[in-house]
Amino acid sequence: MAEHRIHNFNAGPAALPLQVLEEIQANFLNFDHSGMSITEISHRSSYFDKVINDAVERAKRLLKLDERYHVLFLQGGASLQFAMVPMNFLGDNDSADYVNTGTWAGKAIKEAQILKKNHKVAASSEDKDFSYIPKDIQFSANAKYVHLTSNNTIKGTQYYKFPDTKGIPIVCDMSSDIFQDPWR
Ligand SMILES: Cc1ncc(COP(=O)(O)O)c(C=O)c1O
């Protein structure tokens, strides 16, 4: 089997170690000795509770999050959050700052526009076809949040250190590098 595998180096969906795939395959039909596959188990069963609780613990460990943090697995992916974040965090008199570093940041900004929410593009690298990450950004003191895209999956630019927002919460789309490193 191994010699027929194709190695996919894409920035998005990419190759997984064969050992991991084989373990998933072996566990698929009879998950945790339940006699059922993982896709057949009730999402309200103790079997599934274990799966989700384990995923929360692993996410917290990898991201070095302590008990102050909650991990939520939300439906709809990043694209739904482009709309949900301004819907949930921006009241009529609030505003948010966005940094436009490419395709995905642009989609996030567009959702804030569609929703007619007050927002400002605090910095952008559009002038050079999104080939860099803007530095020394002046954020609005009253911004409710600063929206960043940690990895520009399409052009390949990435924050190595998050900007100092002077206490303004960062909302970050980390779709393509969330568990890469905990040090930012
Ligand atoms: C940085 C980034 N944001 C958003 C998305 C879209 O994510 P989703 O499919 O979860 O909406 C992707 C990839 O598809 C991405 O790389």
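Given the structure is predicted, the values throughout are model-derived calculations rather than measurements. (Residues numbered from 1 in each chain as written. Predicted model: local features only at pLDDT ≥ 70, side-chain atom pairs only at ≥ 80, totals over all residues. Heavy atoms only, no water.)

A. Up close: the overall build of the protein chain. Tallying secondary structure elements over the protein chain gives 4 helices and 6 strands in all. The order of helices and strands in the protein chain, counted from the N terminus, is α-α-α-β-α-β-β-β-β-β. Counting over 184 residues, the protein chain shows a buried share of 29%. Of the contacts formed within the protein chain by residues at least 6 apart in sequence, a portion of 52% connects residues at least 24 apart. When the accessible area of the protein chain is evaluated, it comes to approximately 12900 Å², of which 54% is carbon and sulfur surface. Distance from the positive charge centre (20 side chains) to the negative charge centre (22 side chains) of the protein chain: 5 Å. (Helix = DSSP H or I, 4+ residues; strand = E, 2+ residues; numbered from the N terminus. Buried < 20%, exposed > 50% of the residue type's maximum accessible area, 1.4 Å probe, protein only. Contact = heavy atoms within 4.5 Å. Areas by Shrake-Rupley, 256 points an atom, 1.4 Å probe, with all protein chains shown as cover. Lys, Arg positive; Asp, Glu negative; His and termini not counted. Charge placed at Lys NZ, Arg CZ, Asp CG, Glu CD.)

B. Layout of the domain arrangement of the protein chain. Splitting the protein chain by domain gives domain 1 (2–6 + 14–63) and domain 2 (77–173). Computed from C-alpha coordinates alone, the two centres of domain 1 and domain 2 are separated by 33 Å. (Domains from an automatic or database assignment.)

C. Geometry of the pairing of strand 3 (residues 146–149). Burial along strand 3 is two-sided: Val146 and Leu148 facing one way and His147 and Thr149 facing the other are all buried. Bridging between strand 3 and strand 6 (residues 170–173) involves 4 bridges; their strand directions are parallel. Looking at the pairing, His147 lines up with Val171 of strand 6. (Pairing = 2+ DSSP bridges.)

D. Highlighting the sheet that holds strand 2 (residues 118–124). Strand order in the open sheet formed by 4 strands is 2-1-3-6, and the pairing between neighbours is parallel. Across the chains shown, the open sheet's two edge strands, defined by having one partner strand only, are strand 2 and strand 6. When strand polarity is set aside, the average angle formed by the axes of neighbouring strands in this sheet is 25°. Pairing of strand 1 (residues 95–100) with strand 3 involves 2 bridges; the strand directions are parallel. Looking at strand 3, one finds that Tyr98 is bridged to His147. In the packing of helix 4 (residues 103–114) onto the sheet, contacts are made with strand 1, strand 2, strand 3 and strand 6, and the angle to strand 1 comes to roughly 155°. (Axes fitted to C-alpha atoms, helices over the stretch in contact; angles between N-to-C directions.)

E. Broad picture of the site of the ligand. Taken together, Gly77, Ala78, Ser79, Phe82, Trp104, Thr149, Asn151, Thr153, Asp173 and Ser175 are the residues near the ligand. Here Thr153 contributes a side-chain N or O atom positioned 2.5 Å from an oxygen atom of the ligand. Within the side chain of Asp173, an N or O atom sits 2.6 Å from a nitrogen atom of the ligand. In isolation the ligand exposes 390 Å². Once the protein is present, 70% of that is buried. At 4 residues, helix 3 (residues 77–89) tops the list of elements feeding residues into the shell around the ligand. Partitioned by chemical class, the residues of the shell around the ligand number 3 nonpolar, 6 polar and 1 charged. (Near = heavy atom within 4 Å. Polar contact = N/O pair within 3.5 Å; in protein donor to acceptor, adjacent residues only side chain to side chain. Nonpolar A, V, L, I, M, F, W, Y, C, P; charged D, E, K, R; others polar.)

F. Region of the structure containing the nonpolar core. Counting 11 residues, the largest nonpolar core consists of Val99, Ala123, Ile133, Ile137, Phe139, Ala143, Val146, Leu148, Tyr159, Phe162 and Ile168. Among residues more than four places away in sequence, those in contact with Val146 are Asp97, Phe139, Thr165, Ile168, Pro169, Ile170 and Val171. Core analysis: the next-biggest nonpolar cluster, separate from the first, contains 10 residues, Phe82, Tyr98, Ile109 and Ala112 among them. (Core = buried A, V, L, I, M, F, W, Y, C linked by side-chain atoms within 4.5 Å.)

G. Spatial organisation of helix 4. End to end, helix 4 covers 16 Å across 12 residues, agreeing with the expected 16 Å (1.5 Å per residue, within 8%). Buried within helix 4 we find Ala105, Ala108, Ile109 and Ala112. Looking down the long axis of helix 4, one finds its buried residues gathered within 95° of arc, a one-sided arrangement. For helix 4, the exposed residues lying more than 90 degrees away from the buried face are Lys110 and Ile114. Looking at the buried residues of helix 4, the elements they touch are helix 3, strand 1, strand 2 and strand 3. Positive phi appears at Lys116, one or two residues downstream of helix 4, with a value of about 55°. (Expected span 1.5 Å × (residues − 1). Arc of directions from axis to C-beta.)

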